[in-house]
Amino acid sequence: MAIVAGIDIGNATTETALARIEGRNITFLATGISATTGIKGTLANIAGLRSSLGMALERAGFKRDEYKAVDLIRLNHAAPVIGDVAMETVTETIVTESIMIGHNPSTPGGVGVGIGVTILFSDLSRAREGDSVIPVVEAKHDYEAVAAGVSDALSRKVNVAAVICQSDDGVLIVNRLPRVIPVVDEVSAIERVPLGMRCCVEVAAPGRVVSLLSNPYDIASLFELSPEETKQIVPVARALVGNRSAVVIRTPLGEVRERRIPAGELYILGPQGKRTVNVEDGAEAIQNTIVACSPVENIFGQPGTNVGGMMERVRRTMSDLTDIPVGDIYIQDLLAVDTLVPQKVVGGVAGEFSLESGVALAIMVKTEELPMQRLARATSQELGVEVEVGGIEADMAIRGALTTPGVKPPVAVLDLGAGSSDASFMKTDGSVTLTHLAGAGNMVNTIIASELGFEEMELAEAIKRYPLCKVESAFHIRQEDGTVRFFDKALDPGVFGRVALLHENDMLQPLMLPGINVERVRSTRRKAKQEVFVKNALRALEQVAPGNNIRLVDYVVLVGGSAKDFEIPTMITDTLSRYGIVAGRGNIRSSEGPRNAVATGLVLSSIESGSRTKGGS
Amino acid sequence: MKINPELLEKIVREVLAGMETEIETGGKSEPSLSNSSPSNPPLPASETVAGVQMTEKGPAARGTDPKEIVLAVSPAFATAFKTTIVDIPHSSVLRQVFAGAEEEGIHIRVIRVYHTADVAFMAHHAARISGSGIGIGILSRGTSVIHQRDLNPLSNLELFPQSPVIDLPTFRAIGKNAAKYAKGESPTPVPTNNDPMARPRYQGLAALLHNKEAGFQDRSKASQELSVSFE
């Protein structure tokens, strides 16, 4: 009789399965889970391993630190150790000579279109009868004074066509005027608005968007442009699409252009030699090149560029952690996803943001067995228990997944973790093919954070994990599917009126991000999950399926931490059903859900290898 | 700690003024919290204080207009007191709060609350009779609260407890955020300054001001609706 602990050190969690083995009979006693300490595959993992094992021991009726009760610890051969995720912005919008204002203030004043020449508000009293002018008002002027000045000018028959002002006074000014004119407010860098130039201001009615200034031909009509000049105005019109208010000023050389930032090239080494792809060509081009080079042997970035820096950083981190020389570290997979990143417009007058395109990259490094053996030795010394490195993660995952009721070979297993997505396929004869791919939960977090414009990864993790709601009153919320829920007790005032995340136990976490709504967060979250997990599921199955044909797979079992997500499994099930595949979340040993697959597999495989190495203890 | 002579002088003046009132009223032992007869001289129903005219129109009723928020001020606001603790005129305070709400398309109804001098209860009372369910409370020294009718009185949506650091842009933002809550939007809470020296420097003065302010309360008098006009 022997007690065996299978311990799976993952990128995010360390999971333990504790079992008693008598001959060929295996009785599972308990499981444990705790956060992984340090980067997977390094000596720093031992702390997390202790607490995970301790938890399992305690649940099995032993003392928390009674490690001696265990006869054998089996660790997974943690192949992919490091996955790094980075964002590269590849475009930027530049406005020269401040020829447009498109910052979309929440409350512009009035409605309509006004065309005139820009003048300083203090010069308005000097404007003559019949002039069409657009006063530019600095924050030092009070709204009463502005309204009085404009009313006075209007009574002198000066055609004040519109107003551009710095403080948030649009509605206040219009409410005090004898007739309604469009007012664009909150223009922060008002001193940069060119004066004495022909200008057009448009404010749309609430709930509508500008129609004139977002149409190049209308701009051409307003400013009497030639066909060549109209071509140049197209980026301006494009930048103003979807805004409620807009200003276009005609200056001799002003323009809006989109610049592509040189993000660098990727060099991908495969059996057929080296291929080059430019990061700014986007995710699809990168992914096609990866497929063309498969199986990828190594990936380098162009030295001196952002991508080059990212690749070298990963190599260096990896080398520092494992003592393997930098030259011997191989990057074996890369996943690129197109994203949109809110970036400040260069040269903008009112702090405009524009959604620039970017590419998120996740990469994965293949490790040697060396560091795992070192970890095993160190663990053995620390705990005084025999430790062996059991087997490859995906192989173990499939053994664990087979304990799910209703599954039999041939079967494919997708292990969706935090750092990598692994796939394995077991044929009827028990032979296994497997693959490890870059890009999983952490990449989803990175995409969510950059698209919504914040830095905190904990917040991104929470957005990924919990559904959204809008708190509509102190007693009810509207969930993201439109259903309303009432509460008996008043909700925390901190969430009143806000978009919030609905945690377990009905705890609400308010999202304090400027200008967000439920729909935007939800679509960002779902898109990120689709792009990473669904894409990786297809990519992985293609690599392990017989003849690389996904249709030849009948059953797919989803395991791993990300398979516990509330929507990722359904997204994958939905996509794979088009290939006629039965796919669903695993239920390890009919009790563990999708977790603990690898740890269970490690215990199960000990009967085969265990008898060999341990000689029947 | 550096002693600010101006502040000291102000405190001395406040104390002396308080003593005079006590002497005039025959040195009553409980000048501030007596139920029926406030120790301070009765206030006129309408008074113009440097730029704002506030006239009582009768008891404040429950509103039904979802586009309104209710602003509760204390009896001494813009009458016995004319400025906040940092000498911002009350007329400017009202003007900025009004402007903040008007910019968002929301209308403010002003009431004078007599039954309490606690800003949380004032604001909650305002929220309960507000058509939108959102109320604001402002004390004479500047302390402010944004409240919602379904909350507990001592809970709130946004609290601005340090009266010395509240400036006019903050009052504007208070009006704006209260209006946004009324519209069901989710505004970013108003950013406020924090001055760790505000407490040691102003606590004495704030206590005196509150004592004087509380002296005007009349627990038996219903809240009065005010018409406000600026000049």
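Numbering of residues starts from 1 in every chain and runs along the sequence as written. In the order they appear in the text, chains get letters beginning with A and ligands get numbers beginning with 1. Thresholds applied to this predicted model are a pLDDT of at least 70 for local features of residues and 80 or more for the giving and counting of side-chain atom pairs; totals over whole chains, interfaces and linings are not thresholded and use all residues. By convention in this description, side-chain values take in all heavy atoms of the structure and omit both hydrogens and water.

1. Quick word on the nonpolar core
Note on soluble globular proteins: their nonpolar side chains tend to be buried together. Residues and elements named next belong to chain A. Leu414, Phe454, Ile463, Leu511, Val556 and Ile572 are the most contacted members of the largest nonpolar core, which has 54 residues in total. Looking at this core element by element, the count peaks at 11 residues for helix 12 (residues 518-544). Bear in mind that the domain bounds are from an automatic or database domain assignment. The two domains that each donate at least three residues to this core are domain 2 (84-90 + 261-367) and domain 4 (408-585). Excluding its chain neighbours within four sequence positions, the residues that come into contact with phenylalanine 454 are Ile448, Ala449, Leu459, Ala460, Ile463 and Leu513. As used in this record, nonpolar core signifies buried Ala, Val, Leu, Ile, Met, Phe, Trp, Tyr and Cys residues forming a set joined through side-chain atoms within 4.5 Å. In this scheme, a residue with accessible area under 20% of its type's maximum is buried, one over 50% is exposed, and one in between is partly exposed, where area comes from a 1.4 Å probe on protein chains only. By definition, any uninterrupted DSSP run of H or I lasting at least four residues is a helix, any uninterrupted run of E lasting at least two residues is a strand, and each is numbered from the N terminus. Contacts: residue pairs with any heavy atoms within 4.5 Å of one another.

2. Some words on the domain arrangement of chain A
Partitioning chain A into domains gives domain 1 (1-78 + 370-399 + 596-617), domain 2 (84-90 + 261-367), domain 3 (99-254) and domain 4 (408-585). Between domain 1 of chain A and domain 3 of chain A, the C-alpha centre-to-centre distance is 69 Å.

3. Comments concerning the interface of chain A and chain B
In many reports, interface size means the accessible area that the parts give up when they come together. Contacts between the two partners involve 24 residues from chain A, matched on the other side by 22 residues from chain B. Both faces considered, chain A and chain B share a buried interface measuring about 1800 Å² in area, 44% of it formed by carbon and sulfur atoms. Once two parts are put together, the accessible area they lose, assessed with a 1.4 Å probe and summed over both, is termed the buried area. The largest share of the area that chain A buries against chain B comes from A:Pro493, A:Phe496 and A:Arg498, three residues that together contribute 31% of it. Definition used for salt bridges: Asp or Glu carboxyl oxygen within 4 Å of a side-chain nitrogen of Lys or Arg. Linking chain A with chain B are four salt bridges. Polar contacts, as counted here, are pairs of nitrogen or oxygen atoms within 3.5 Å of one another; within protein the pair requires one atom able to donate a hydrogen and one able to accept it, and residues that are adjacent in sequence qualify only if both atoms are side-chain atoms. On the surface where chain A and chain B come into contact, there are 14 residue pairs in polar contact (both at pLDDT 80 or more). Mapped onto the side of chain A that touches chain B, the elements with two or more residues apiece are helix 2 (143-155) and helix 3 (170-175) of chain A.

4. Considering the environment of B:Ile88
All names here are of chain B. Tracing the chain through its elements places isoleucine 88 in the loop between strand 3 (68-73) and helix 2 (90-103). According to the relative accessible area criterion, isoleucine 88 is buried, its value standing at 11%. Sequence separation between isoleucine 88 and alanine 117 is 29 residues, and the spatial gap between their C-alpha atoms is 20 Å. Setting aside chain neighbours within four positions, we find isoleucine 88 in contact with Lys82, Thr83, Val93, Ile166, Asp167 and Leu168.

5. Comments concerning the pairing of strand 24 (residues 432-438) of chain A
Residue and element names in this part refer to chain A. Two strands pair under a simple rule: DSSP has to find at least two bridges between them. Of the pairings in the sheet, the one linking strand 23 (residues 420-426) to strand 24 comprises seven bridges and is antiparallel in character. Along strand 24, the bridge assignment pairs alanine 423 with threonine 435. From the end of strand 23 to the start of strand 24, which pair antiparallel, there are five residues, and glycine 430 there has a positive phi angle of about 90°.

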